[in-house]
Amino acid sequence: MSTYLVSGGAGYIGSHVAAALLDGGHRVVVVDNLQQGHAEAVPEGAEFVRADVGDAAAMDAVFASWGFQGVIHLAALSVVGDSMRDPLHYIAKNVGNTMTLARAAMRGGCSRFVLSSTAAVYGDPACAPITEDEPTAPASAYGASKLMAEQGLAWASELHGLRWASLRYFNAAGADPAGQRGEDHAPETHLIPLAIDAALGRRAPLTVFGDDYPTPDGTCLRDYVHVTDLADAHLRVLGLLAEGTGRSFNLGNGRGFSVKEVIGAVAEVTGCPVPHRLGVRRPGDPPALVAASDRLRAATGWRPRFGALHAMVETAYRWRLKNPEGYAGTRHVPPPPAQRDTAGALQLDSAELSG
Ligand code: UDP
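The rules behind the values
- Residues numbered from 1 in each chain as written.
- Predicted model: local features only at pLDDT ≥ 70, side-chain atom pairs only at ≥ 80, totals over all residues.
- Heavy atoms only, no water.
- Helix = DSSP H or I, 4+ residues; strand = E, 2+ residues; numbered from the N terminus.
- Buried < 20%, exposed > 50% of the residue type's maximum accessible area, 1.4 Å probe, protein only.
- Core = buried A, V, L, I, M, F, W, Y, C linked by side-chain atoms within 4.5 Å.
- Contact = heavy atoms within 4.5 Å.
- Phe/Tyr/Trp six-rings, centres within 6.5 Å; stacked < 30°, edge-to-face > 60°.
- Lys NZ or Arg CZ within 6 Å of the ring centre and 35° of its normal.
- Pairing = 2+ DSSP bridges.
- Polar contact = N/O pair within 3.5 Å; in protein donor to acceptor, adjacent residues only side chain to side chain.
- Near = heavy atom within 4 Å.
- Areas by Shrake-Rupley, 256 points an atom, 1.4 Å probe, with all protein chains shown as cover.
- Nonpolar A, V, L, I, M, F, W, Y, C, P; charged D, E, K, R; others polar.
- Axes fitted to C-alpha atoms, helices over the stretch in contact; angles between N-to-C directions.
- Expected span 1.5 Å × (residues − 1).

Things to note about the environment of G152
Thinking step 1. Summarising the element assignment, G152 is placed in helix α5 (residues 141-160).
Thinking step 2. Taking relative accessible area as the criterion, G152 reaches 18% and is therefore assigned buried.
Thinking step 3. Taking the C-alpha atoms as reference points, G152 and G96, separated by 56 residues in sequence, lie 9.7 Å from one another.

Details of the nonpolar core
Thinking step 1. Within the largest apolar cluster, 32 residues are counted, with the highest numbers of intra-cluster contacts made by I13, V17, L21, L167, V237, L251 and L296.
Thinking step 2. Secondary-structure elements contributing two or more residues to this core are β1 (3-7), α1 (12-23), β2 (27-32), β6 (163-169), α7 (227-243) and β11 (248-251).
Thinking step 3. Ranked by the residues each element gives to this core, the list is headed by α7, at 7 residues.
Thinking step 4. I13 has contacts with L74, Y169, A172, V227 and L230, leaving out every residue within four places of it along the chain.

Description of the packing of aromatic side chains
Thinking step 1. Per the counting criterion, the structure on display carries 3 aromatic pairs.
Thinking step 2. With centroids separated by 5.2 Å and ring planes inclined at 75°, the aromatic side chains of F63 and F68 adopt a geometry described as edge-to-face.
Thinking step 3. Ring plane angle 40° and centroid distance 6.3 Å describe the contact between W66 and F68, whose orientation is recorded as tilted. A single burial state applies to W66 and to F68, both of which are buried.
Thinking step 4. Here the aromatic residues F63, W66 and F68 are joined through ring pairs into a cluster of three or more.
Thinking step 5. The aromatic ring of Y213 is capped on one face by R281, whose charged end is 3.9 Å from the ring centroid.

Observations concerning the sheet that holds strand β14 (residues 288-289)
Thinking step 1. Taken together, the 3 strands give an open sheet; going across it, the order is β12-β9-β14, and neighbouring strands pair in mixed fashion. Only two strands of the sheet have a single partner each, and these edge strands are β12 (257-258) and β14.
Thinking step 2. For strand β9 (residues 221-222) and β12, the ladder comprises 2 bridges, and the chain directions are antiparallel. When the sheet's bridge partners are listed, R222 is paired in β12 with F257.

Quick look at the side chain of S293
Thinking step 1. By the secondary structure assignment, S293 is in the loop between β14 and α9 (294-300).
Thinking step 2. You can call S293 buried: its relative accessible area is 4%.
Thinking step 3. Among the polar contacts made by the side chain of S293, one reaches the main-chain carbonyl oxygen of G252 at a distance of 2.9 Å.
Thinking step 4. Leave out the neighbours within four places in its chain, and S293 touches N250, L251, G252 and W302.

Some details on the site of the ligand
Thinking step 1. Among the 15 residues in the neighbourhood of the ligand, the closest are listed as L191, T207, R222, R282 and D285.
Thinking step 2. A distance of 2.8 Å separates an oxygen atom of the ligand from a polar atom in the backbone of L191.
Thinking step 3. Between the ligand and D285, the relevant distance is 2.5 Å, taken from an oxygen atom to a side-chain nitrogen or oxygen of the residue.
Thinking step 4. Out of a free accessible area of 510 Å², the ligand has 86% covered by protein chains.
Thinking step 5. Sorting the residues of the shell around the ligand by element identifies α6 (191-199) and β8 (206-209) as the ones contributing at least two each.
Thinking step 6. Class assignment of the residues belonging to the shell around the ligand gives a composition of 8 nonpolar, 4 polar and 3 charged.

Focus: the sheet that holds strand β3 (residues 47-50)
Thinking step 1. The 7 strands lie next to each other as β3-β2-β1-β4-β5-β6-β11, forming an open sheet whose pairing is parallel. Of all the strands in the sheet, the pair left with one neighbour each is β3 and β11. Ignoring which end each strand starts from, the neighbouring axes of this sheet average 20° apart.
Thinking step 2. With 7 bridges connecting them, strand β5 (residues 112-118) and β6 associate as parallel partners. Bridge assignment links V114 to a residue of β6, and that residue is A165.

A few points about α1
Thinking step 1. Its 12 residues give α1 an end-to-end C-alpha distance of 17 Å, which sits within 8% of 16 Å, the value for a rise of 1.5 Å per residue.
Thinking step 2. Burial within α1 is extensive, with 10 of its 12 residues counted as buried.
Thinking step 3. Listed in full, the buried residues belonging to α1 are Y12, I13, G14, S15, H16, V17, A18, A19, A20 and L21.
Thinking step 4. On its buried face, α1 is in contact with β1, β2, β4 (70-73), β6, β7 (171-173) and α7.
Thinking step 5. Looking at the residues trailing α1, positive phi occurs at G25, about 90°.

As for unusual backbone geometry
Thinking step 1. Cis rather than trans, the peptide bond between A128 and P129 has omega equal to -5°.
Thinking step 2. By secondary structure assignment, the location of P129 is in the loop between β5 and α5.
Thinking step 3. In this structure, P187 follows A186 across a cis peptide bond, with omega equal to 0°.
Thinking step 4. Locating P187 in the fold gives a position in the loop between β7 and α6.
Thinking step 5. Within the chain, L34 stands out as a residue other than glycine whose phi angle is a positive 60°.
Thinking step 6. If you trace the backbone, L34 turns up in the loop between β2 and β3.

Functional significance is not addressed by these values, which are geometric in nature.
Have a look at this one:
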């Protein structure tokens with residue numbers, strides 16, 4: 001049994017990662033400032049520390065309290081549009097927090113570090129599917145911030161022996177098949193949850209952001225990858241880092257689905273038409289983002305188990321039906337106390353920390 005720190009483990013992807021680690025028989029400490037995450041999303045069995053990963057003293061205390069075999073760092077600002085309104089804030093937070101956490105990990109004797117990264121590092125790629133050899137050219141400050149964070153970790157690897165890897169997610173989708181956790185963003189901006197809510201009549205008709213792209217049906221193609229498969233990839237990469245250092249890996253199914261195909265799948269799964277109307281293109285949307293994940297597959301044996309669009313929509317729908325108000329409607333489970341009074345005591349102030 002190993003002990004892993006999961007930053008952002010109260011968020012959509014992080015909570016699935018934490019649950020997968022627990023299912024794998026590991027101990028998990030979730031660190032999250034709850035600015036975007038939900039305490040109720042932290043899986044039962046995980047220890048929870050409410051703190052900001054940018055707080056070096058708090059992170060030192062966390063590392064002093066547990067001996068970690070690895071860190072999975074997901075806590076970040078991740079709304080592309082916001083990053084274009086305040087790029088310096090995004091870069092300062094996403095890069096600075098990653099460096100702070102990695103430094104605390106090294107000081108704490110933990111040498112395995114997995115960064116949650118993004119397909120946005122490629123910007124508007126010339127080819128599909130995209131391999132990791134595609135030049136990185138972020139089209140947003142968010143993508144740039146993740147690329148810079150990767151570069152910082154590469155330096156730490158080169159100069160200090162940090163074993164790191166980044167997983168460049170394409171479009172995370174779906175929910176835990178058991179229906180215990182799922183997507184709950186405020187505001188929600190992602191296609192699948194918006195389409196499901198539109199079908200259920202819980203929100204205004206969906207706006208399709210443009211149908212004049214150079215794609216088969218004119219709407220954008222995205223590579224949706226089930227969040228359970230994403231979580232599995234993290235466990236495999238941690239295993240890889242036990243042997244030596246890693247690198248950047250694309251994480252997607254290798255198949256693109258158009259906005260219209262997603263609308264069709266949501267209508268089929270819910271049994272309701274998805275009210276929608278055509279809108280203008282959303283700035284910064286590339287026509288197609290499809291991953292070649294051969295590097296990850298070859299290195300770790302990773303294979304998607306829920307690669308069908310139907311499975312992604314179906315699990316997301318099940319979560320939504322069970323939790324129409326998201327986590328707000330679930331029983332509040334108070335997080336277990338993080339403070340300890342042993343030597344190397346945690347002195348975490350759970351007051352709002354900037355994020
Ligand atoms: N999209 C859309 N209407 C919406 C939200 C998204 O047409 O209300 C499109 C968006 O332009 C993109 C795809 O759906 O082509 C997936 O968008 P999402 O925001 O879910 O993920 P992203 O690709 O931006 O990470």
